[in-house]
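Given next are the chains, with one letter for each unit.
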Amino acid sequence: MWAGLAEDDPIAWGIAPSELPTWPLVPTPIGYLMGIVGAFHDADDLWHGTNPASDEFGALRIGTEGASGHSDYFESGSLGNLALIVEGRYSEVGLAS
């Protein structure tokens, strides 16, 4: 199993509802949302279950160098890693550090 996750991919912010804080982290609505993002960016448990890019899940995490957001994986250096996986050249895939 392979997984990749860019540093600023918003999918990582889709944490489980049970993990949402019940108190304001900062006094403004925008600050509150930014506080949630900052507090849970590396959450292992996402809205739809275990984050596939987490250590808990157990997938090999590929490097996503140059990818930004959620739709840039095919426009960045991570495309090379995806191609290596498709070609079955697993030993050449660059893993996330």
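See above for the structure.
The notes below deal with the structure included here. (Residues numbered from 1 in each chain as written. Predicted model: local features only at pLDDT ≥ 70, side-chain atom pairs only at ≥ 80, totals over all residues. Heavy atoms only, no water.)

On to the overall build of the protein. The number of helices and strands found in the protein is 2 helices and 4 strands. Each of the 97 residues in the protein was classed as buried or not, and the buried ones make up 33%. Carbon and sulfur atoms form 61% of the exposed surface of the protein, whose accessible area is close to 6,400 Å². (Helix = DSSP H or I, 4+ residues; strand = E, 2+ residues; numbered from the N terminus. Buried < 20%, exposed > 50% of the residue type's maximum accessible area, 1.4 Å probe, protein only. Areas by Shrake-Rupley, 256 points an atom, 1.4 Å probe, with all protein chains shown as cover.)

With that out of the way, let us pick up the environment of A67. By the secondary structure assignment, A67 is in the loop between β4 (60–61) and α2 (78–86). You can call A67 buried: its relative accessible area is 13%. Among all residues touching A67, those that are not within four sequence positions of it are A6, D8, D72, Y73, S76 and S78. (Contact = heavy atoms within 4.5 Å.)

This next bit is on the nonpolar core. In terms of nonpolar packing, the biggest core is built from 8 residues, these being A3, L5, A6, A12, A53, A59, A67 and Y73. Residues in contact with A53, not counting those within four places in the same chain, are A3, L5 and R61. (Core = buried A, V, L, I, M, F, W, Y, C linked by side-chain atoms within 4.5 Å.)

Below, the discussion takes up α2. When α2 is considered as a whole, its buried residues turn out to be S78, N81, L84 and I85. All buried residues of α2 lie within an arc of 115° about the axis, which places them on one face of the element. Buried residues along α2 sit in contact with β1 (2–3). G88, located one to two residues past α2, shows a positive phi value of around 80°. (Arc of directions from axis to C-beta.)

Relative to the elements of secondary structure, D9 occurs in the loop between β1 and α1 (29–40). In terms of polar contacts, D9 uses its side chain to reach the side chain of H70, at 3.0 Å. Among the polar contacts listed, one links the side chain of D9 to the side chain of Y73, at a separation of 2.6 Å. (Polar contact = N/O pair within 3.5 Å; in protein donor to acceptor, adjacent residues only side chain to side chain.)

Here we come to the pattern of salt bridges. Counted according to the given criterion, the structure contains 2 salt bridges. For R89, the salt bridge is made with E92, and the minimal N-O distance between the two is 2.8 Å. Residue R89 is classed as partly exposed on the basis of its relative accessible area, which comes to 36%. The class for E92 is partly exposed, based on a relative accessible area of 44%. Via salt bridges that share partners, E87, R89 and E92 belong to a single interconnected network. (Salt bridge = Lys/Arg side-chain N within 4 Å of Asp/Glu carboxyl O.)

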